[in-house]
Structure formats: structure tokens, C-alpha cells
Amino acid sequence: MTFKVMIAEDESEKAKGIAYLVEKYNPECTPVLIAADGVEGYEMALRENPDIILTDIRMPNMDGLEMIRALRDRGFPAEFVVLSGYAEFNYAKKAIELGVRNFITKPV
């Protein structure tokens, strides 16, 4: 079984690095799609229907938690993993409330 993965990360080089690691160490997780912010991630998720979404929290236009909330409101079934450079409990609490599978602090 393969899983389609989407990464929502506003820092292009970080997104490419994470995509590389996912593809290298998890060959069942392809293709890896990359969105530059939460708005693009939201639209891409609805269009491409990924199984797993890795998202940064702080991004322009729409942050990762807002994107997750908007997708959850539509009943979107993906598993979510939050990547954040901020280990603040408040972010983790909000992520847990949204049913996020895991909260990983950067650097990954």
C-alpha cells in the first residue's frame, strides 16, 4: 500500500529536504506534494486528497492549524503531523484538539 503525502511549509528548502527524507526512508509514502502556505495546502489537499499531511504552524496567508481546522470542518480524513520551530504548549494543545497525529519540533 502506498500513501500520498503533502507537506505545507513556507520555507522552500526545508520543504524539499523533508520531502527527500520522506521519500528516501519511507518508499511507501509517494508522491510527496509540496504547498508553500496554508491556503495552497488547503486547496491542494482538496484537489489531490493526500493520506498524510505534514504542516508547519506559522506560514503566511493561513497558518497550519487554520488549514487543519478548515479541512477537518469539511470532514477531510487525512492524518496530520505538525512541524514547528515553536515548542510552546499552546500550539501543541491546539494541535491535539484538532486530532493531529503527532507534533514534531524543528529542526527535524
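For the structure, see preceding data.
The text that follows walks through the structure, step by step, so that each part is easy to find. Quick caveat: nothing in here was measured; it's all calculated off a predicted structure. (Residues numbered from 1 in each chain as written. Predicted model: local features only at pLDDT ≥ 70, side-chain atom pairs only at ≥ 80, totals over all residues. Heavy atoms only, no water.)

So, about helix 2 (residues 38-48). Two residues of an α-helix separated by three or four positions point the same way, owing to the 3.6 residues in each turn. By the burial criterion, the buried members of helix 2 are Gly38, Gly41, Tyr42, Met44 and Ala45. The elements touched by buried residues of helix 2 are strand 1 (3-8), strand 2 (29-35), strand 3 (52-56) and helix 3 (64-73). Where helix 2 starts, the residue carrying a side-chain oxygen 3.0 Å from the main-chain nitrogen of Val39 turns out to be Asp37. (Buried < 20%, exposed > 50% of the residue type's maximum accessible area, 1.4 Å probe, protein only. Helix = DSSP H or I, 4+ residues; strand = E, 2+ residues; numbered from the N terminus. Contact = heavy atoms within 4.5 Å. Polar contact = N/O pair within 3.5 Å; in protein donor to acceptor, adjacent residues only side chain to side chain.)

What follows concerns unusual backbone geometry. Looking along the chain, the bond that leaves Thr30 and enters Pro31 is cis, with omega of -5°. Looking at the secondary structure, you find Pro31 in strand 2. Phi at Asn49 is positive, roughly 55°, even though this residue is not glycine. You can call Asn49 partly exposed: its relative accessible area is 45%. Positive phi, close to 75°, is recorded for Asn61, a residue that is not glycine. Among the residues examined, Asn61 registers a relative accessible area of 65% and is labelled exposed.

Another point: the nonpolar core. The biggest cluster of nonpolar side chains holds 22 residues, and the ones touching the most others in it are Met6, Ile53, Met67, Leu71 and Phe80. Elements represented by at least two residues in this core include exactly strand 1, strand 2, helix 2, helix 3 and strand 4 (79-84). Here this core takes 4 residues from helix 3, the largest share from any one element. Val5, Ala15, Val81 and Leu83 belong to the second-largest nonpolar core, a separate cluster that totals 11 residues. (Core = buried A, V, L, I, M, F, W, Y, C linked by side-chain atoms within 4.5 Å.)

Keep in mind that these numbers describe shape and distance, not what the molecule does.
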